[in-house]
Every structure is written in C-alpha cells, then in structure tokens.
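Spelled out, the chains give:
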Amino acid sequence: MGIKVEFNPDLALRNIAEHKNGKRKIEECIPESLEVGKIYDFFKKEQRNYWLHGEVPLIETEGNGVLSRPKASIIILEATHFLEGEEICTKGKYKVIEVISEGETYFECFDKIGVRK
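Residues numbered from 1 in each chain as written. Predicted model: local features only at pLDDT ≥ 70, side-chain atom pairs only at ≥ 80, totals over all residues. Heavy atoms only, no water.

Comments concerning the confidence of the model for the protein
Averaged over every residue, the pLDDT of the protein is 91; residues scoring 70 or more account for 90%. Looking at the elements of the protein, mean pLDDT is at its lowest for strand β6 (residues 66-67), recorded as 90, and at its highest for strand β3 (residues 39-45), recorded as 98. (pLDDT = per-residue confidence, 0-100. Helix = DSSP H or I, 4+ residues; strand = E, 2+ residues; numbered from the N terminus.)

As structure tokens, this is what we get:
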C-alpha cells in the first residue's frame, strides 16, 4: 500500500457553469470575473501538492486532461489536505496576480507551444 499524491504545476478548476448547474462546489470553479489582487478559495479532490514559491497558471479543465491555456497568473497562498468522509481532498487559497487575455502568451508551462487549445 502506498500514498497516492499528485504534483500539479498549475491550478486547474472547472468552468463556473458547473457550479450554476449544481454539479460542482463554487471553490472547484473559476469565478466569473477574476480580479487582480483578490484572494479566492479552491477545492480539489485527491491529495495534491502545489508550488508555493511563485506564480503558477490558473487554467480551466473539462476533465480527462482537456485543459485551456492559462486564464490568470496566481500565487497559491495555502494548500491543506483533509478528509471529506473517506475521500482525501485538498483545499486552499490563491491570489490573482495577472488576468491573461485570450490569445496572450504569459505562460507555456512545461508544454510545447501549440499543445494547449
């Protein structure tokens, strides 16, 4: 038996429509309007580790590895692992440093240019 931990180079959250349709918690989704300097809560299922010493991309996920280009540059301020029932989860806070316009290159993460839609 081992400990399952995922290391994430970015914070991938769902579209806010998932919350509006009752499918996700609000903390699992990207807010409708991101504000520079504002702090938001996030929630992810499973035990995840994030880099805390600098900016990382905030991206939108549809699940199954379908990821957007970065929506914002954020700093993750805290990440806490906890049990929700029997399931390990991660929650935390992030601060928006820069909102990235559609088509603007700010990050390319570890992907080759053109890999993300």
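Let us keep going from here.
Description of the pattern of salt bridges
Scanning all chains against the criterion turns up eight salt bridges. A salt bridge links Arg 48 to Glu 6; the shortest N-O distance between them is 3.2 Å. Here Glu 6 lies in strand β1 (residues 6-8) and Arg 48 lies in strand β4 (residues 48-50), a separation of 42 residues in the sequence. Among the salt bridges present, the one from Glu 46 reaches Arg 48, with a minimum N-O distance of 3.6 Å. Relative accessible area serves as the criterion here: at 33%, Glu 46 is assigned to the partly exposed category. (Salt bridge = Lys/Arg side-chain N within 4 Å of Asp/Glu carboxyl O. Buried < 20%, exposed > 50% of the residue type's maximum accessible area, 1.4 Å probe, protein only.)

Some words on the pairing of strand β7 (residues 72-84)
Working note: regular strand, side chains alternate between the two faces of the sheet. Pairing of strand β5 (residues 55-63) with β7 involves four bridges; the strand directions are antiparallel. Among the inter-strand pairings, Val 56 is bridged to a residue of β7, identified as Ile 74. Examined bridge by bridge, β7 and strand β8 (residues 87-99) share 12 bridges and lie antiparallel to one another. In the sheet register, Leu 83 faces β8, and the bridge partner there is Ile 88. In sequence, β7 turns back onto β8 through a hairpin of two residues, with Gly 85 there showing a positive phi of about 70 degrees. (Pairing = 2+ DSSP bridges.)

What to know about the packing of aromatic side chains
On inspection of all chains with the given rule, the structure shows four aromatic pairs. Between Phe 42 and Tyr 94, the ring centres sit 6.4 Å apart and the planes meet at 45 degrees, which makes this aromatic pair tilted. One end of the pair, Phe 42, is in strand β3; the other, Tyr 94, is in strand β8, and 52 residues separate them in sequence. Considered together, Phe 42 and Tyr 94 belong to a single accessibility category, that of buried residues. Residues Phe 43 and Phe 82 carry aromatic rings whose centres are separated by 6.1 Å and whose planes lie at 55 degrees to one another, so their mutual orientation is tilted. One end of the pair, Phe 43, is in strand β3; the other, Phe 82, is in strand β7, with 39 residues separating them in the sequence. For Phe 43, a relative accessible area of 5% translates into the label buried. Looking at Phe 82, the relative accessible area reads 24%, which means it is partly exposed. An aromatic cluster of at least three residues, connected via ring pairs, comprises Tyr 40, Phe 42, Tyr 50 and Tyr 94. Looking at Lys 25, its charged tip hangs above the ring of Phe 43, at a distance of 3.8 Å from the centre. Above the face of the Phe 82 ring, Lys 91 is positioned so that its terminal group lies 4.9 Å from the ring centre. (Phe/Tyr/Trp six-rings, centres within 6.5 Å; stacked < 30°, edge-to-face > 60°. Lys NZ or Arg CZ within 6 Å of the ring centre and 35° of its normal.)

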